[in-house]
Amino acid sequence: MYTEIKIVLVNTTHSGNIGAVARAMKNMGMTDLVLVDPKSFPSEEASVRAAGADDVLSNAMRVSTLKEAIKDCELVFATSARARHIPWPIMDPREMAAVVGEVKKADSAKKVAIVFGREDRGLTNDELHLCQHHVCIPSVEAFSSLNIGSAVQVIAYELRMGFLAQAGQLQCPQWGTKWDVPLATQDQLDLLFAHFEQTVLKTGFLDPDKPRQLMTRIRRLIMRALPDSIEVNILRGILTSVDKSIKLKSQLKKEVGE
Ligand code: SAH
């Protein structure tokens, strides 16, 4: 994960929330927590909610003003659920992560801070004006305010996704790229579709006079799943078992008829 990114919490009231933030950060590989004048910290409740992220709590820096928390940072984002009077450059968390990614790519030592407000009132206008960009998680307007731990989680997740993409560590699409069995070849798929067609003709499911789009739809369904070669063999095995039981049935019929 990127280093030199601080999560700054201003005047947090509930110490449990500080613990939840520490946990959200550690899950995403972030460690730098700065507490600006917290109401009560350290606390038992914070440790309980940190659920194993105690190291983030014990390494947390404590300062008395936001200015002090961000004085060494080159890039500072304030998070806010509400639009304010004087508009400020505003972005969503994904755009923020893209900006951070570009800055970190150019120089990983650049210091970044992301600032979170009080549970009841958020950040003051003066505090917001200390930050270059405002980040708003696009929640629904009628109920826009997230719990601070959840807000940190969303931001930290987007930063991590940006980081993983930059590091080439995202397995997207996962199918077939890190698979234990090689994907079926087009040849294998063609044989499967031919086999499928023969079998459904035999069962009577496919009417040769009215084929509709049956085989095209089956093809699309199976192609969409990107089956591997074992999966294709399994499907062929199932079709063979259907073929055999049809054969057996018709032999029995013949014998009874004879
Ligand atoms: N009632 C406050 C919200 C406080 S929630 C207000 O109206 O501003 C506590 C903090 O969580 C906020 O200060 C902000 O840092 C973060 N937060 C909550 N919801 C958010 C959202 N939708 N977008 C960005 N940050 C959010």
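Keep in mind that what you see is a predicted model, and the values were worked out from it rather than measured.

1. Remarks on the side chain of Thr79
Inspection of the secondary structure puts Thr79 in strand β4 (residues 75-79). A distance of 2.8 Å separates a polar atom in the side chain of Thr79 from the backbone oxygen of Val115. Every residue in contact with Thr79, bar those within four places of it in the chain, is listed here: Ile114, Val115, Phe116, Leu123, Val135 and Ile155.

2. Examining the site of the ligand
Close contacts around the ligand come from 21 residues, with Thr79, Arg82, Ile137, Ser144 and Leu146 the closest. Within the backbone of Ser80, a nitrogen or oxygen atom sits 3.4 Å from a nitrogen atom of the ligand. Separating an oxygen atom of the ligand from a backbone N or O atom of Gly117 is a distance of 3.0 Å. Contact with the protein chains removes 93% of the 540 Å² of surface that the ligand exposes when unbound. In the shell around the ligand, the residues fall into eight nonpolar, seven polar and six charged.

3. A word on unusual backbone geometry
Negative phi values dominate among residues other than glycine, just as trans dominates among peptide bonds. A cis amide bond, omega 0°, links Phe41 with the succeeding residue Pro42. Mapping Pro42 onto the fold places it in the loop between β2 (32-36) and α2 (44-50). With a phi angle near 50°, Arg212 is a residue other than glycine that sits in the positive phi range. Secondary-structure assignment places Arg212 in the loop between α8 (186-203) and α9 (214-224).

4. A short note on the packing of aromatic side chains
Enumeration according to the criterion identifies one aromatic pair in this entry. Centre to centre, the rings of Tyr2 and Phe163 are 5.1 Å apart; their planes meet at 80°, and the pair counts as edge-to-face. Highlighted residues: Tyr2 in the segment before β1 (5-10) and Phe163 in helix α7 (residues 148-166), separated in sequence by 161 residues. By relative accessible area, which is 9% here, Tyr2 ends up buried.

5. Re the sheet that holds β1
The strand order across the open sheet built from seven strands is β3-β2-β1-β6-β4-β7-β5, with neighbouring strands paired in parallel fashion. Among the strands making up the open sheet, the edge pair consists of β3 (61-63) and β5 (90-91). Pairing of β4 with strand β7 (residues 133-135), which is carried by three bridges, proceeds in the parallel orientation. Pairing of Thr79 across the sheet is with Val135, part of β7. Where α7 meets the sheet, its contacts fall on β1, β4, β6 (112-116) and β7, and the angle it forms with β6 comes to roughly 155°.

6. Describing the packing of helix α5 (residues 93-106) against α7
Close contact between α5 and α7 brings their axes to 9 Å; oriented N to C, the two are set at 45°. The orientation of α5 with respect to α7, classified from their angle, is oblique. The handedness of the crossing between α5 and α7 comes out as right-handed. Each of Pro93, Arg94, Met96, Ala97, Val100, Gly101, Glu102 and Lys105 in α5 lies in contact with α7, whose residues at this interface are Val154, Ile155, Glu158, Leu159 and Gln166. Looking at the contact of α5 with α7, its residues break down into seven nonpolar, two polar and four charged.

7. Quick word on α9
For α9, the set of buried residues is Met215, Ile218 and Ile222. One side of α9 carries all its buried residues, which in axial view fall inside an arc of 60°. Summarising the geometry of α9, the exposed residues directed more than 90 degrees from the buried face are Arg217, Arg220 and Arg224. Buried positions along α9 lie against α8 and α10 (229-257). Just beyond α9, the residue with positive phi is Leu226, at close to 45°.

8. With respect to the pattern of salt bridges
For the structure on display, the rule yields eleven salt bridges. Lys110 serves as the salt-bridge partner of Glu74, at 3.8 Å between the closest nitrogen and oxygen. One end of the pair, Glu74, is in the loop between α4 (66-70) and β4; the other, Lys110, is in the loop between α5 and β6, with 36 residues separating them in the sequence. The class for Glu74 is partly exposed, based on a relative accessible area of 40%. The shortest N-O distance in the salt bridge between Glu158 and Arg94 comes to 2.9 Å. Residue Glu158 is found in helix α7, and its partner Arg94 is found in helix α5; the two are separated by 64 residues along the sequence. Residue Glu158 is classed as buried on the basis of its relative accessible area of 10%. Residues joined in a network through salt bridges with shared partners are Glu74, Asp107 and Lys110.

So, how was this worked out
- Residues numbered from 1 in each chain as written.
- Predicted model: local features only at pLDDT ≥ 70, side-chain atom pairs only at ≥ 80, totals over all residues.
- Heavy atoms only, no water.
- Helix = DSSP H or I, 4+ residues; strand = E, 2+ residues; numbered from the N terminus.
- Polar contact = N/O pair within 3.5 Å; in protein donor to acceptor, adjacent residues only side chain to side chain.
- Contact = heavy atoms within 4.5 Å.
- Near = heavy atom within 4 Å.
- Areas by Shrake-Rupley, 256 points an atom, 1.4 Å probe, with all protein chains shown as cover.
- Nonpolar A, V, L, I, M, F, W, Y, C, P; charged D, E, K, R; others polar.
- Phe/Tyr/Trp six-rings, centres within 6.5 Å; stacked < 30°, edge-to-face > 60°.
- Buried < 20%, exposed > 50% of the residue type's maximum accessible area, 1.4 Å probe, protein only.
- Pairing = 2+ DSSP bridges.
- Axes fitted to C-alpha atoms, helices over the stretch in contact; angles between N-to-C directions.
- Parallel < 35°, antiparallel > 145°, perpendicular 65-115°, else oblique.
- Left-handed = near helix turned anticlockwise from the far one by under 90°.
- Arc of directions from axis to C-beta.
- Salt bridge = Lys/Arg side-chain N within 4 Å of Asp/Glu carboxyl O.

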